[in-house]
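Architecture at a glance
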Number of protein chains: 2
Amino acid sequence: MDNEKVKELELTLSMERFIQAELLLLLKQKPSHGYELIQRLDDSEFKSAEVDAATVYRNLRRMDKEGMIKSQWEVGESGPGRRLYKLTTQGEEYLIVWTQYIVRQKIKLENFLEAYLRFNQ
Amino acid sequence: MDNEKVKELELTLSMERFIQAELLLLLKQKPSHGYELIQRLDDSEFKSAEVDAATVYRNLRRMDKEGMIKSQWEVGESGPGRRLYKLTTQGEEYLIVWTQYIVRQKIKLENFLEAYLRFNQ
DNA sequence: TAATACTATATGCATGTTGCAAATAGCCGA
DNA sequence: TCGGCTATTTGCAACATGCATATAGTATTA
């Protein structure tokens, strides 16, 4: 990813979309489909409070459209068809940007807590 | 604050509103008016990227209405009138809830980073 | 004196994201 | 056949934000 792209991505990053980072990380660990990701997310230690299925599916479609992940429609021997998602190279790079952003967020929170404690002695 | 109230507050908390926690902490340190808070925020190590004045003023009005802070209109010898904000007891309690929430957020981010690193060697 | 800049707050509007609810659909067990 | 689980999608209201703009008093400077 070129620098311009990274800058643009960083600007649109927000904790509101933290779900994207969570999904990218899970997909880096192994390809999954939405329903499974919801369950894996629910088991992870970094999940956001409650996982809303609609939010997961919507973010998956968006990242698919943006090329971060790639989907493939699968019709198994049983159950309804499902979309298997895999991380793309671009998605891996995006995950790195996310990780750097999260490091900065963490520092910001630490600074807040430090200031809070400093003032409460 | 009773437990029900705390629960309700925690549910509506989100990093999107982190600005509220920042403002409450600054007001705990000392009473200020909006314009000054924007400058103090800009100098703090925990500020969110850029501070939008409208967002600051709107959040101050909201927290005023909700009783977290209390405003008092001041007409100085010079310059336009301004609203001096002070933290209320309820606001102090809310700041504690925020702080606990931020601790949990920080842990979440640490868990994410740990999972990320664990998977990258 | 007029123009400009700074202090100080408020509001309108478009945009983007979310949660909840509901629709669709295949499969399986009782 | 009815309910329940797997699996995904879409509509809608609610909400928060950024940007632009309005308003207004004061101070500086050309």
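Residues numbered from 1 in each chain as written. Chains lettered and ligands numbered in written order. Predicted model: local features only at pLDDT ≥ 70, side-chain atom pairs only at ≥ 80, totals over all residues. Heavy atoms only, no water.

The name given to chain A in an unreviewed UniProt entry is Lineage-specific thermal regulator protein, with the source organism recorded as Desulfosporosinus acididurans.

Attention shifts here to the pairing of strand 3 (residues 82-87) of chain A. Two faces belong to every sheet, and in a regular strand the side chains alternate between them. Judged from the two bridges that link them, strand 1 (residues 32-33) of chain A and strand 3 of chain A form a sheet pairing that is antiparallel. From the neighbouring strand, Ser-32 of chain A faces strand 3 of chain A, where its bridge partner is Tyr-85 of chain A. (Pairing = 2+ DSSP bridges. Helix = DSSP H or I, 4+ residues; strand = E, 2+ residues; numbered from the N terminus.)

Attention shifts here to the protein's contact with DNA strand C. Around DNA strand C, the surrounding shell holds 23 residues, and the nearest of these are Arg-17 and Thr-55 of chain A together with Arg-61, Arg-82 and Arg-83 of chain B. Sugar plus phosphate, as a fraction of atoms of DNA strand C within 4 Å of the protein: 68%. Here Tyr-57 of chain B contributes a side-chain N or O atom positioned 3.1 Å from a phosphate oxygen of DNA strand C. Between Arg-83 of chain B and DNA strand C, the recorded distance is 2.6 Å, taken from a side-chain N or O atom to a phosphate oxygen. When contributions to the surface near DNA strand C are tallied by element, the ones reaching two or more residues are helix 4 (53-65) of chain A together with helix 3 (34-43), helix 4 (53-65) and strand 3 (82-87) of chain B. If one sorts the elements of the surface near DNA strand C by residue count, helix 4 of chain A sits on top with five residues. Across the surface near DNA strand C, the residue classes break down as seven nonpolar, seven polar and nine charged. (Near = heavy atom within 4 Å. Polar contact = N/O pair within 3.5 Å; in protein donor to acceptor, adjacent residues only side chain to side chain. Nonpolar A, V, L, I, M, F, W, Y, C, P; charged D, E, K, R; others polar.)

The next point concerns the protein's contact with DNA strand D. Taken together, 22 residues are adjacent to DNA strand D, and Arg-61, Arg-82 and Arg-83 of chain A together with Arg-17 and Thr-55 of chain B come closest. The sugar and phosphate moieties of DNA strand D supply 69% of its atoms located within 4 Å of the protein. One nitrogen or oxygen atom from the side chain of Tyr-57 of chain A is found 2.9 Å from a phosphate oxygen belonging to DNA strand D. The dominant element in the surface near DNA strand D, judged by the number of residues it contributes, is helix 4 of chain B, at five residues. In terms of residue class, the surface near DNA strand D is made up of six nonpolar, seven polar and nine charged.

Let us now look at helix 2 (residues 18-29) of chain A. Residue and element names in this part refer to chain A. For helix 2, which comprises twelve residues, the first-to-last C-alpha distance of 17 Å matches the rise-based estimate of 16 Å (1.5 Å per residue) to within 8%. Taking burial as the measure, the twelve residues of helix 2 include ten buried ones, the bulk of the element. Of the residues making up helix 2, those classed as buried are Phe-18, Ile-19, Gln-20, Ala-21, Glu-22, Leu-23, Leu-24, Leu-25, Leu-26 and Leu-27. (Expected span 1.5 Å × (residues − 1). Buried < 20%, exposed > 50% of the residue type's maximum accessible area, 1.4 Å probe, protein only.)

Turning to the environment of Leu-95 of chain A, a few remarks are in order. Position of Leu-95 of chain A among the secondary structure elements: in helix 5 (residues 89-119). Distance from Leu-95 of chain A to Lys-28 of chain A, taken between C-alpha atoms, is 9.0 Å for residues 67 residues apart in sequence. The contacts of Leu-95 of chain A, once residues within four sequence positions are left out, are Ala-21, Leu-24, Leu-25 and Lys-28 of chain A together with Phe-112 and Tyr-116 of chain B. (Contact = heavy atoms within 4.5 Å.)

A separate point is the sheet that holds strand 3 of chain A. Residues and elements named next belong to chain A. The strand order 1-3-2 describes an open sheet built from three strands, whose pairing is antiparallel. The open sheet terminates on both sides in strands that have one partner only, identified here as strand 1 and strand 2 (69-74). Across the sheet, helix 4 lies against strand 2 and strand 3, angled at about 115° from strand 2, the strand it touches most. (Axes fitted to C-alpha atoms, helices over the stretch in contact; angles between N-to-C directions.)

Our focus in this paragraph is the environment of Glu-92 of chain B. Residue and element names in this part refer to chain B. Among the structural elements, Glu-92 can be located in helix 5 (residues 89-119). Sequence spacing of Glu-92 and Ile-69 is 23 residues, and the spatial spacing of their C-alpha atoms is 9.0 Å. Each residue touching Glu-92, except ones within four places of it in the same chain, is listed here: Lys-28 and Leu-87.

A few words on the relation of the copies chain B and chain A. Each copy superposes on the other: chain B lies on chain A with an RMSD of 0.1 Å after a rotation of 180° and an axial shift of 0.0 Å. What we have between these two chains is a two-fold relation. (Least-squares fit on C-alpha atoms with pLDDT ≥ 70 in both.)

Once that is clear, we can look at the interface of chain B and chain A. With 30 residues of chain B at the interface, the matching set in chain A holds 30 residues. Between chain B and chain A the total buried area reaches about 3,000 Å² when both faces are included, carbon and sulfur atoms providing 76% of it. Put simply, chain B and chain A have four residue pairs in polar contact (both at pLDDT 80 or more) between them. Within the residue set of the side of chain B that touches chain A, elements represented by two or more residues are helix 2 (18-29) and helix 5 of chain B. Sorting elements by how many residues they give to the side of chain B that touches chain A places helix 5 of chain B first, with 17 residues. Grouping the constituent residues of the side of chain B that touches chain A by class yields 15 nonpolar, six polar and nine charged. (Buried area = accessible area lost by both parts, 1.4 Å probe.)

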